[in-house]
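Reading the structure
This is what each chain is made of:
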Amino acid sequence: MTGETIAMPVPWTARAPGALDAEGFEELFGRCFGEIHTYVAQRLGPDHAEDIVAETFFTAFRKRAQYDPSRASVRAWLYGIATNLIGKHRRLEARTLRALGRFGPEADSPGHEDSVAVRVSAQSLRPELASALAELDRRDRDVLLLVALAGLTHEEIATALGIPYGTVGSRLNRARKKLRARLGEVRVHG
Amino acid sequence: MDELVRDLYGEPGPDPQGRARVWRQLAARRRRRRLSWLAAPVVAAALAMVLVVYGAPGQEPSSRSILLAAATTAESSAADGTYWHVKKLYDGTRESELWATRDGRAWTAEQGRVTRVTGKSPFSMAGQDLTYAQIQNLPSDPAALRERVTAMLPDARLLADALSGLLWTKPSLPAVRAAAYRALADLSEVRYLGARTDTRGRHGEAFSFGLPSGVQRTLIIDPVTSQVLSCTDDRGGRTEIVLVAGWTDEGPR
């Protein structure tokens, strides 16, 4: 670099949109690490999250040729991979849910503008909710959490998990119904 | 209902070092995968490098160990292909390319127009032309390299900069790049700044050193591939992003 000048103005042309080459992969990691880590840490606990997140991105890197930008957002695709990997750790997920039911999330979650009422009832419902979630069929739980935690649309979930669009809705309804039934007489919105 | 579920799970934030740890784990695995078809000694070197950089769990790697690890990878990197090719992005907008062959021919490209370089070498060190043959004849022993490079410099304070230039702006032999990394590891003025991302979001380890002008120059390197990712000067100086640096059979186009 010392004293070398080979530069003249050249317009920077961006890569083909959506293409996932090695360079695009690094950008993807930078952009999505935070939310994928949050999702995995929520479901499997912070102690094991890093390994699963690394596995998620490594799988994505290996399968990058199969990623089709016209079918799914890259974000939904990553959530799909993470969800499949989480599925291999059912006992860990069950243990994490038991801990969440007992103690609540470890992080001091910032108090957003939730009403006090919701917070209080949420607090008392915590153990019931956690065990109800643990008892759901894994596939139903996956869909529910991809909506509730990841904020994916039904269409994104269908592509991410490789299931028909209609199945997303039926799994989601079944999951919500079971949770409501379990939480019993307490009136819950949503 | 969704709100209750979100509330149950909370928002576990990643530990500040988490991102870098995961990236390193990933980069090491990608590297091992790329090497899987190569000869065993190369794989062994890569594994040794992983151990050197990452050391005992929970222990932060030192500046020296990162540079030495990069040296180990540099040694085993490939140097076949007809053209030495560097593609850089200046200040995020201007792209420039250079191709050079072993017999001394060279081309630059700007605005998609390729120009043959004639009458001078495309390489220089501290403002003086450096021929391809001179670069090839650099010693691969760190102490000898340091001595040779020092002798070529008008100002000894340019040593770190000149050595680092051998890592990416010149077609140095793998053994010479390794020696340059080792020589840099022993320079007290080279400061390790920790894990950083370049302006394109690529993760690496940052090192900085001063130039005689007082400007502080920062390089981000990927110790797993031994590639230099970017070079940035402070005080509003220029930023160079290395998009490509290596040997290829694909000529100027």
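Residues numbered from 1 in each chain as written. Chains lettered and ligands numbered in written order. Predicted model: local features only at pLDDT ≥ 70, side-chain atom pairs only at ≥ 80, totals over all residues.

1. Some remarks on the overall build of chain A
Condition: Comment: elements are numbered from the N terminus, with helices defined as DSSP H or I runs of at least four residues and strands as E runs of at least two. In this scheme every C-beta is placed from the backbone, and a residue whose C-beta has 20 or more other C-beta atoms within 10 Å is buried, one with 12 or fewer is exposed, and one in between is partly exposed. By the criterion used throughout, residues are in contact when their C-beta atoms, derived from the backbone, lie within 7 Å.
Counting its secondary structure elements, chain A contains eight helices and zero strands. Counting from the amino terminus, chain A carries its helices and strands in the arrangement α-α-α-α-α-α-α-α. For chain A, buried positions account for 35% of its 190 residues. At a minimum sequence separation of 6, the contacts of chain A that also span at least 24 residues come to 73%.

2. Focus: the confidence of the model for chain A
The predicted coordinates should not be examined in detail at positions where pLDDT is low. Residues and elements named next belong to chain A. Applicable threshold: pLDDT: the predictor's confidence for each residue, scored from 0 to 100.
Averaged over chain A, the pLDDT score is 78; the fraction of residues at 70 or greater is 73%. Per-element confidence in chain A ranges from a low mean pLDDT of 72 for helix α5 (residues 116-135) to a high of 96 for helix α6 (residues 138-148). Contacts of residues 1-18 to residues separated by more than four positions or lying in other chains number 38 contacts, the stretch itself having pLDDT below 50. Counting contacts from residues 106-119, a segment whose pLDDT is below 50, to residues more than four positions away or on other chains yields ten contacts.

3. A few points about the nonpolar core
We count it as follows: As used throughout, a nonpolar core is a set of buried Ala, Val, Leu, Ile, Met, Phe, Trp, Tyr and Cys residues joined through C-beta atoms within 7 Å of each other.
The biggest cluster of nonpolar side chains holds 52 residues, and the ones touching the most others in it are Val 40 and Tyr 79 of chain A. At nine residues, helix α1 (residues 22-44) of chain A tops the list of elements feeding residues into this core. Other than its neighbours up to four places away in sequence, Val 40 of chain A contacts Ala 49, Ile 52, Val 53, Ala 82 and Ile 86 of chain A. Core analysis: the second largest hydrophobic core is formed by 42 residues, Met 125, Ala 178, Phe 209 and Val 228 of chain B among them.

4. Points about the pairing of strand β3 (residues 106-110) of chain B
For a regular strand, side chains alternate in direction, first toward one face of the sheet and then toward the other. Residue and element names in this part refer to chain B. Note the threshold: Pairing between two strands is assigned when DSSP locates at least 2 bridges connecting them.
Bridge analysis of strand β2 (residues 94-101) against β3 gives four bridges, and the strand direction is antiparallel. Counted as the bridge partner of Leu 98 is Thr 108 from β3. As paired strands, β3 and strand β4 (residues 113-116) are joined by four bridges and run antiparallel to one another. Note that in β4 the partner of Trp 107 across the bridge is Arg 116. As consecutive antiparallel partners, β3 and β4 are separated by two residues, and within that stretch Gln 111 has a phi angle of approximately 55°, a positive value.

5. A look at the sheet that holds strand β1 (residues 83-90) of chain B
All names here are of chain B. Going by this rule: An axis is simply a line fitted to the C-alpha atoms; with a helix, the fit covers only the stretch in contact. Between two such axes, the angle follows the N-to-C directions and lies from 0 to 180 degrees.
Judged by pairing direction, the sheet is antiparallel, and its nine strands sit side by side in the order β4-β3-β2-β1-β11-β10-β9-β8-β7 without closing on themselves. Each edge of the open sheet carries a strand with a single partner, namely β4 and β7 (191-197). When strand polarity is set aside, the average angle formed by the axes of neighbouring strands in this sheet is 20°.

6. Digging into helix α7 (residues 154-161) of chain A
All names here are of chain A. Here α7 lies mainly inside the structure; six of its eight residues are buried. The set of residues buried in α7 consists of Glu 156, Ile 157, Ala 158, Thr 159, Ala 160 and Leu 161. The inward-facing, buried residues of α7 abut α3 (74-86), α6 and α8 (165-183). Directly beyond the C-terminal end of α7, a positive phi value near 65° is found at Gly 162.

7. Brief notes about the packing of α3 of chain A against α7 of chain A
Residue and element names in this part refer to chain A. Here is the rule we go by: Here the angle decides the label: under 35 degrees means roughly parallel, over 145 means roughly antiparallel, 65 to 115 means roughly perpendicular, and every other value means oblique. Note on convention: near helix rotated counterclockwise from far helix by under a right angle means a left-handed crossing. Clockwise means right-handed. Think of it as three bins: nonpolar holds Ala, Val, Leu, Ile, Met, Phe, Trp, Tyr, Cys and Pro, charged holds Asp, Glu, Lys and Arg, and polar takes everything else, Gly as well.
In the contact formed by α3 and α7, the axes pass within 8 Å of each other and the chain directions differ by 55°. When the interaxial angle is binned, α3 and α7 end up oblique. With respect to the hand of their crossing, α3 and α7 are arranged in right-handed fashion. Side by side, α3 and α7 meet where Ala 76, Trp 77, Tyr 79, Gly 80 and Thr 83 of the first sit next to Glu 156, Thr 159, Ala 160 and Leu 161 of the second. Class assignment of the residues belonging to the contact of α3 with α7 gives a composition of five nonpolar, three polar and one charged.

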